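Chain by chain, the residues:
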Amino acid sequence: MYKKELQKDQKKKTHPVPQQLVRRRKLFGIIIVGVIILLAFVAIFLFFSRSKNPHITAEKKISTDMIGDSKYADTRSRFVTQETTTSHLHAEYPITGTKQIDATIAATIDSDRAHYSSDTTSRQPALHTTFTFNSSYQVPYADTTYFSIVVSTNYDAQLAHPVALSHSWTFNRKTGAVIESSALFKDSAGMPALLAAVQTSVIQQDNKQGGVMDSSSVGDFISTDTIRNFTILDRKYIRFYFGRGDVAPESDGTMIVSIPATTMQNYLKPDLAKTIFDLTAPLPPQQTTSTPAKGDSDCPAKCVALTFDDGPGAYTDQLLDILSSNHVGATFFVIGQSVASHPTLVKREVSLGYDVGNHTRDHPQLTQLSIPQIDSELAQTNQAITSAGLTPILMRPPYGAANTAVYQEAAKYNLAAIHWSVDTRDWADRNSSIVCNRAVAGAGPGAIILMHDIHPTTVNAVPCIIKGISAAGYKMVTISQLLGHPSPGKVYYSASS
Ligand code: NI
């Protein structure tokens, strides 16, 4: 009994102790939960602040550096792609096989990249956008001795204006040395004559775009130093490529100036002139300025033609939506077999007023076929296009492979042979940025731009191409609008040749 009482007593005495423990445990639990919530907030804060810090986003950089084929003989390309959350950079470096040439060009592209880098460092692009950089090249002329190349760099660092740079050179392939314009002339009278010719052309181009440049102001922009580097075109022209703001106000955009070598004939060194320029052959007929019936009065000076080969296909409908909603002309060189399997697509091309040309039935190399085989390729495709509602007047030989026999057969079917002056090489580089950059960089008076509507990357590049070419001041038209009345059997590379 005593014991029981004692126990009771003890119980009474010990009762408050467990209650305190429970309270402490509760308090401890609340503190733990509080700390966990606090840590979670700290973690979320750190995550967001890190992703906004450009130095840390570099960890997320996608960077590739790969070698790919180029369409130019003996020239390959090294493609560099760097993508971060704030910047998309694509650069194409030529690999010509002559180290000194490659090094000269690479140093220039690297310098463009350095400018882009300094223009974007410590800055953030506008919400949901990135800074962009694209650099690619074209080879207007190459033989065993001479190599002309133009590098076009476009970047948008979201400063006052997007930047459009042109760099061009003619190299001696064997030595890797740059051949400067002054080396073309036998005496000191050559450069002033060339300068005057370039200045006249720039004034004309500026005035056509509504500018007010004249002979007194042109000297502020163009000196002999501006025309130090030249390129060769068709062995007939001394051609210059200028970036935006290089030779005229920025609003004029990029400019291409072609001076017929024959006009410089009295100044050229006889030996060099003979090896570089073909001064004996007559110049290609110049485009008449009279307005052809089906042509466009702005053409060819302010027009370019977008052409799409090898369709119709899975992406043609999407392309037609883009072109028609932007009120832009285009020409389709279709394959007979595909016309047969997608007749409604060709009907849609025709109903939208686009040109549809013959690109053969099976896409063979026509130069390897017999005359009856060429006949059959052209005849069956003509028939398929005619069934879709248009009698074709244009053809394009697959791979650009053609000879007299091919042109004679084209003439027989009342088809003009349409090549191109700008190759976007969209089949090789399935990259919309590169394709857009090549198309926009190549846009010049009367240019014919080659693409393929069977690649989704090409179709996706078209909005960017339309924007860029419009901004450069050119109208996109069909081949018939560009050329007026293309003559059957005649060969065209652009509106000026
Ligand atoms: Ni083709």
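Below or above, wherever it landed, is the structure these notes cover.

Here the focus is the pairing of strand β11 (residues 331–334). Residues T331 and F333 line one face of β11 and the alternating positions F332 and V334 line the opposite face, and both faces are buried. Strand direction decides the pairing type here: strand β10 (residues 303–311) and β11, joined by 4 bridges, are parallel. When the bridges of β11 are listed, D309 appears paired with F333. Where the polypeptide runs from β10 across helix α8 (residues 316–325) and back to β11, its parallel neighbour, the crossover connection is right-handed. As judged from the 4 bridges shared by β11 and strand β12 (residues 355–358), these two strands associate in the parallel manner. Looking at the pairing, F333 lines up with G357 of β12.

Here we take up the side chain of T331. With respect to the element layout, T331 can be found in strand β11. In this structure the side chain of T331 is engaged in a polar contact, spanning 2.9 Å, whose partner is the backbone nitrogen of I479. Apart from the residues lying within four places of it in its own chain, the contact partners of T331 are L306, T307, F308, D355, L394, T478 and I479.

On to the sheet that holds strand β3 (residues 87–95). Spatially, 6 strands are ordered β1-β2-β3-β4-β5-β6 in an open sheet, and the strand pairing comes out mixed. This sheet does not close on itself; its edge strands, each paired only once, are β1 (62–69) and β6 (163–172). Across the sheet, the mean angle from the axis of one strand to that of its neighbour is 15°, orientation sign disregarded. In the sheet, strand β4 (residues 131–142) pairs with strand β5 (residues 146–156) via 9 bridges, with the strands oriented antiparallel. Residue pairing for β5: T132 is matched across the bridge by D156. Sitting on the sheet, helix α4 (residues 99–120) touches β2 (76–83), β3, β4, β5 and β6, and the angle it makes with β3 is about 170°. Relative to the sheet, helix α13 (residues 432–442) contacts β2, β3, β4 and β5, its axis offset from that of β4 by approximately 55°.

Basis of the calculations
Residues numbered from 1 in each chain as written. Predicted model: local features only at pLDDT ≥ 70, side-chain atom pairs only at ≥ 80, totals over all residues. Heavy atoms only, no water. Buried < 20%, exposed > 50% of the residue type's maximum accessible area, 1.4 Å probe, protein only. Helix = DSSP H or I, 4+ residues; strand = E, 2+ residues; numbered from the N terminus. Pairing = 2+ DSSP bridges. Right-handed = clockwise from strand over helix to strand, strands pointing away. Polar contact = N/O pair within 3.5 Å; in protein donor to acceptor, adjacent residues only side chain to side chain. Contact = heavy atoms within 4.5 Å. Axes fitted to C-alpha atoms, helices over the stretch in contact; angles between N-to-C directions.

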